[in-house]
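Chain residues, written in single-letter form:
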Amino acid sequence: AQKVTQAQTEISVVEKEDVTLDCVYETRDTTYYLFWYKQPPSGELVFLIRRNSFDEQNEISGRYSWNFQKSTSSFNFTITASQVVDSAVYFCALSLRISSGSARQLTFGSGTQLTVLP
Amino acid sequence: DVKVTQSSRYLVKRTGEKVFLECVQDMDHENMFWYRQDPGLGLRLIYFSYDVKMKEKGDIPEGYSVSREKKERFSLILESASTNQTSMYLCASRSPMTGQSSYEQYFGPGTRLTVT
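For the structure given in this document, a descriptive report is provided here. Source: prediction; values computed, not measured. (Residues numbered from 1 in each chain as written. Chains lettered and ligands numbered in written order. Predicted model: local features only at pLDDT ≥ 70, side-chain atom pairs only at ≥ 80, totals over all residues. Heavy atoms only, no water.)

All names here are of chain A. With respect to the element layout, Ser 53 can be found in the loop between strand E6 (46-52) and strand E7 (59-61). A distance of 3.2 Å separates a polar atom in the side chain of Ser 53 from the backbone oxygen of Thr 30. Leaving out residues up to four positions away in the same chain, Ser 53 has contacts with Thr 30, Thr 31, Tyr 32, Phe 68 and Lys 70. (Helix = DSSP H or I, 4+ residues; strand = E, 2+ residues; numbered from the N terminus. Polar contact = N/O pair within 3.5 Å; in protein donor to acceptor, adjacent residues only side chain to side chain. Contact = heavy atoms within 4.5 Å.)

Attention now goes to the interface of chain B and chain A. Listed as interface residues are 26 residues of chain B and, on the opposing side, 25 residues of chain A. Our count for the chain B to chain A interface comes out at zero salt bridges. Every element with two or more residues in the side of chain B that touches chain A is listed here: strand E4 (31-38), strand E5 (42-49) and strand E9 (87-94) of chain B. Taken together, the residues of the side of chain B that touches chain A break down into twelve nonpolar, nine polar and five charged. (Salt bridge = Lys/Arg side-chain N within 4 Å of Asp/Glu carboxyl O. Nonpolar A, V, L, I, M, F, W, Y, C, P; charged D, E, K, R; others polar.)

Our next topic: the nonpolar core. Membership of the largest hydrophobic core comes to 24 residues, with the highest contact counts inside it found for Trp 36, Phe 77, Tyr 90 and Leu 114 of chain A. The set of elements that each furnish at least two residues to this core consists of strand E2 (10-14), strand E3 (19-21), strand E5 (33-39), strand E8 (64-69), strand E9 (74-79), strand E10 (88-95) and strand E12 (112-117) of chain A. With four residues, the top contributor of residues to this core is E10 of chain A. Not counting residues within four places of it along the chain, the set of residues in contact with Phe 77 of chain A comprises Val 19, Thr 20, Leu 21, Trp 36, Leu 48, Tyr 64, Ser 65, Trp 66 and Tyr 90 of chain A. Grouped together as the second largest cluster of nonpolar side chains are 21 residues, Val 19, Cys 23, Ile 60 and Tyr 64 of chain B included. (Core = buried A, V, L, I, M, F, W, Y, C linked by side-chain atoms within 4.5 Å. Buried < 20%, exposed > 50% of the residue type's maximum accessible area, 1.4 Å probe, protein only.)

Residues and elements named next belong to chain B. Read across the open sheet, the four strands follow the order E1-E3-E8-E7; overall the sheet is antiparallel. Taken across any chain shown, the strands that pair with only one partner, and hence form the sheet edges, are strand E1 (4-6) and strand E7 (64-70). Within this sheet the neighbouring strands show an average axis-to-axis angle of 20 degrees, counted without direction. In this sheet, strand E8 (residues 73-78) lies alongside E7 in antiparallel orientation, the contact comprising five bridges. By the bridge assignment, Val 66 is partnered in E8 with Leu 76. (Pairing = 2+ DSSP bridges. Axes fitted to C-alpha atoms, helices over the stretch in contact; angles between N-to-C directions.)

Residues and elements named next belong to chain A. In terms of burial, E10 is a largely internal element, eight of the eight residues being buried. Neither face of E10 is left uncovered, since the one carrying Ala 88, Tyr 90, Cys 92 and Leu 94 and the one carrying Val 89, Phe 91, Ala 93 and Ser 95 both have all their residues buried. In the sheet, E10 pairs with E12 via three bridges, with the strands oriented antiparallel. Note that in E12 the partner of Tyr 90 across the bridge is Thr 112.

Here Ala 81 of chain A, not a glycine, exhibits a phi torsion of approximately 50 degrees, which is positive. Examined against the element boundaries, Ala 81 of chain A turns out to sit in the loop between E9 and E10. Here the phi dihedral of Asp 28 of chain B falls at roughly 60 degrees; this positive angle occurs in a residue that is not glycine.

This part takes up the pairing of strand E11 (residues 111-115) of chain B. Residue and element names in this part refer to chain B. Where burial is concerned, the two faces of E11 differ: the one with Thr 111, Leu 113 and Val 115 is buried and the one with Arg 112 and Thr 114 is not. Pairing of E9 with E11 involves three bridges; the strand directions are antiparallel. Residue pairing in the sheet places Tyr 89 in a bridge with Thr 111 of E11.

Have a look at this one:
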């Protein structure tokens, strides 16, 4: 079975601190994709990043960075110099192959509520 | 810009009522999805559709059905609403997989349904 675990339910930091959100996944697929989504208080999920299982290169985008390690089945997300606007629920997700049709469904973790205090 | 809209942001229904949640996307995507989101459980897939008139059960289809008569519209139906279906419902759409490329799902703003 496929599974995504986000062990941190809630995290609070003070503005300008760095914060890392953990994500651990389980899958028997050799080809898979990992995602991070942000859900601000407005409710709409916003796509942040997609990572191919073949590519273990870390990625940096502004204050955001992602550390993908296949050896530990982890895909952690770091926000550097956090800001109040970063306050949101963050979801890690795994995209799998299914037996029928061409679609791949997403398996989500339970989410991490990040609160950045001024 | 990608756009997924849902018919209502908030909905209150009574136990036993038939409930329709509508989702429309303007990106000509083949694949569409319905999730429900509950605290501590993340998003769970109810049903998905990879083309018009096609549908597949997700992880928690019991008590729900879907309809996809047109490419841009995917409806979630609660045949007889119950209090345990009180939740946030999120619709998403995506273009189909091609080769080894991946793709993300685009989400609507969600419908918060309360069943009393």
